[in-house]
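# Architecture at a glance
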Amino acid sequence: MTIYLDFEKPLAELEGKAEELRALARSGEGVDLQDEAAALDRKAATMLAQLYKELTPWRKTQVARHPQRPHCLDYVEALFAEFTPLAGDRNFAEDQAVIGGLARFDDRPVMVIGHEKGHDTRTRLERNFGMARPEGYRKAIRLMQMADRFGLPVVTLVDTPGAYPGKGAEERGQSEAIARATETCLGLGVPLVSVVVGEGGSGGAVAFATANRVAMLEHSIYSVISPEGCASILWKDAEKMREAAEALRLTAQDLRKLGVIDRIVPEPLGGAHRDADAAIAAVGDALRGMLGDLDGQARDRLRADRRQKFLDMGTKGLAA
């Protein structure tokens, strides 16, 4: 059952009426309503295309957070073979918000790491809504170092509101763990590619996305702070989140112009949640292309490429 966002309410009414007509036709009451239902379907398709033609940054934020959007495990299960999860940071605990392990992508061994939000109440609580604690970042560091040792490319899938800000996480060195993860990304001598598949929130995302190549799904977001958090700080009013989303330049389209990301991965009409298989296939194509760009490069070249990419950020503007 499709969950509709606030701005999709007119669409929900049209699609609901079309389904009601089809249900009446199936009930066998001798009434042929297929033509009327088809007409409503066409009207709904037109409305869907119009709604998604020019989404505002705030609406893109809503789409990026859609609960039915495919999450990290969905991509891992569909794109990677022989996935072997590896757990624990060898120091404190296992963090369920971060998954990682050895796998094969197009029969090529890789290390895949990502944030997992969960798909229902139980798993969202278990995964802490994709907000990693220090042990999650330290686990990622361990897996990246292992990949570097064995010469395996690293693939990261980013989908987090940000690192968990709880008291225990701060006591265990949250900021230090994020900084160490970012430092580890910069020092890898193997290809590192990243895709923001939903939310890319603050340092919690950068810790996985300090990569040679960074892609974003068309309606995903990537920002130093959430629109609500920004609005609370600047305007002392979280309801100003629409203005904050505009100011933050958090969309894939703006970030591509600014040189923060390298490519935009197209989504099915209506967002990744409307056709998860197509969205996952598009991410697979993007990973294939990004890894292909880096094939055969020497370790020092990969490090230099990654460092230069981040040193160059800020040299481009949106006026061009």
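Conventions we followed
- Residues numbered from 1 in each chain as written.
- Predicted model: local features only at pLDDT ≥ 70, side-chain atom pairs only at ≥ 80, totals over all residues.
- Heavy atoms only, no water.
- Helix = DSSP H or I, 4+ residues; strand = E, 2+ residues; numbered from the N terminus.
- Buried < 20%, exposed > 50% of the residue type's maximum accessible area, 1.4 Å probe, protein only.
- Phe/Tyr/Trp six-rings, centres within 6.5 Å; stacked < 30°, edge-to-face > 60°.
- Lys NZ or Arg CZ within 6 Å of the ring centre and 35° of its normal.
- Lys, Arg positive; Asp, Glu negative; His and termini not counted.
- Salt bridge = Lys/Arg side-chain N within 4 Å of Asp/Glu carboxyl O.
- Polar contact = N/O pair within 3.5 Å; in protein donor to acceptor, adjacent residues only side chain to side chain.
- Contact = heavy atoms within 4.5 Å.
- Patch = residues over 30% accessible without salt bridge, like charges linked within 9 Å, V, L, I, M, F, W, Y side chains within 5 Å.
- Areas by Shrake-Rupley, 256 points an atom, 1.4 Å probe, with all protein chains shown as cover.
- Charge placed at Lys NZ, Arg CZ, Asp CG, Glu CD.
- Pairing = 2+ DSSP bridges.
- Right-handed = clockwise from strand over helix to strand, strands pointing away.

## Topic: unusual backbone geometry
Located in the positive-phi region is Glu82, a residue other than glycine, with phi close to 55°. Locating Glu82 in the fold gives a position in strand 1 (residues 81-85). Take Glu82: its relative accessible area is 60%, and that puts it in the exposed class. If you check the backbone angles, Arg249 has positive phi at about 55° while not being a glycine. Along the chain, Arg249 turns up in the loop between helix 11 (241-248) and helix 12 (252-258).

## Here we look at the packing of aromatic side chains
In the structure shown here, the tally under the stated rule is 3 aromatic pairs. Between the aromatic rings of Phe80 and Phe105, the centroid separation amounts to 5.4 Å while the plane-to-plane angle is 40°, which identifies the pairing as tilted. Of this pair, Phe80 sits in the loop between helix 4 (72-79) and strand 1 while Phe105 sits in strand 2 (residues 98-105), placing them 25 residues apart in sequence. For the pair shown, Phe80 and Phe105 are each scored as buried. One residue, Arg133, lies across the ring of Tyr164, its end atom 4.7 Å from the ring centre.

## Focus: the side chain of Arg306
Within the fold, Arg306 resides in helix 14 (residues 299-311). Here Arg306 occupies a buried position and makes no salt bridge, while the nearest side chain of opposite charge, Asp305, is found at 6.3 Å. Among the polar contacts listed, one links the side chain of Arg306 to the backbone oxygen of Val190, at a separation of 2.8 Å. Ignoring any residue separated from it by four or fewer positions in sequence, one finds Arg306 in contact with Cys185, Leu186, Gly187, Leu188, Val190, Leu192, Thr210, Ala211 and Asn212.

## With respect to a negative patch on the surface
On the surface, Asp237, Glu239, Glu243 and Glu246 cluster together to form a negatively charged patch. Structurally, Asp237 can be placed in the loop between helix 10 (227-234) and helix 11. Relative accessible area serves as the criterion here: at 30%, Asp237 is assigned to the partly exposed category.

## Looking at the pairing of strand 6 (residues 213-217)
In terms of burial, strand 6 is a largely internal element, 5 of the 5 residues being buried. Residue alternation in strand 6 divides its side chains into two sets, Arg213, Ala215 and Leu217 and Val214 and Met216, and both sets are buried. Here 4 bridges tie strand 5 (residues 192-201) to strand 6, and the two strands are oriented parallel to one another. Paired with Ser194 across the bridge in strand 6 is Val214. Running through helix 9 (residues 202-209), the crossover from strand 5 to the neighbouring parallel element strand 6 is right-handed. Here 3 bridges tie strand 6 to strand 8 (residues 263-265), and the two strands are oriented parallel to one another. Directly across from Ala215, in strand 8, lies its bridge partner Arg263.

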